[in-house]
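Residues per chain are reported as follows:
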Amino acid sequence: LDEDDVRNPAVIADNVGDNVGDIAGMGADLFGSFAESSCAALVIAAQTGGLTLTTTEDGTLSIWENWGFVSFPLVISCTGIVACFIT
């Protein structure tokens, strides 16, 4: 048998290994992109005033007053993850 003959079991194993490696690489790239975009959204949200100390109506300082700015990217990400599990 030739080295590249499809009847050669080593060729089949090599092709399977190449496909598995390609899929694992794409999965790693997708996870990296997801993590980087989530971190970027959190940094931007934190800089828009979401995590600054604000004075509440009763005169106390609160960091939780505008927490929605920062939690929104997390809610969107979590919704996407749940949708992936469901589908």
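Above this text you will find the structure in question.
Cut-off values and rules
Residues numbered from 1 in each chain as written. Predicted model: local features only at pLDDT ≥ 70, side-chain atom pairs only at ≥ 80, totals over all residues. Heavy atoms only, no water. Helix = DSSP H or I, 4+ residues; strand = E, 2+ residues; numbered from the N terminus. Contact = heavy atoms within 4.5 Å. Areas by Shrake-Rupley, 256 points an atom, 1.4 Å probe, with all protein chains shown as cover. Salt bridge = Lys/Arg side-chain N within 4 Å of Asp/Glu carboxyl O.

## Let's talk about the overall build of the protein chain
Then step 1. Secondary structure summary: the protein chain contains two helices and two strands in total.
Then step 2. Going residue by residue from the N terminus, the α and β elements of the protein chain occur as α-β-β-α.
Then step 3. Here the analysis covers contacts within the protein chain between residues at least 6 apart in sequence; of these, 27% occur between residues at least 24 apart.
Then step 4. A total accessible area of about 6900 Å² is found for the protein chain, and carbon and sulfur atoms account for 67% of it.

## What about the pattern of salt bridges?
Then step 1. Per the counting criterion, the structure on display carries one salt bridge.
Then step 2. One salt bridge connects Asp5 with Arg7, and the closest N-O pair in it is separated by 2.8 Å.

## Comments concerning the environment of Asn8
Then step 1. Here Asn8 is to be found in the segment before α1 (9-50).
Then step 2. Apart from residues no more than four positions distant in its own chain, Asn8 is found in contact with Leu1, Asp2 and Glu3.

## Describing the side chain of Ser77
Then step 1. Topologically, Ser77 is positioned in helix α2 (residues 68-86).
Then step 2. Each residue touching Ser77, except ones within four places of it in the same chain, is listed here: Phe34 and Ser38.

Interpretation note: all reported values are geometric properties and have no functional meaning in isolation.
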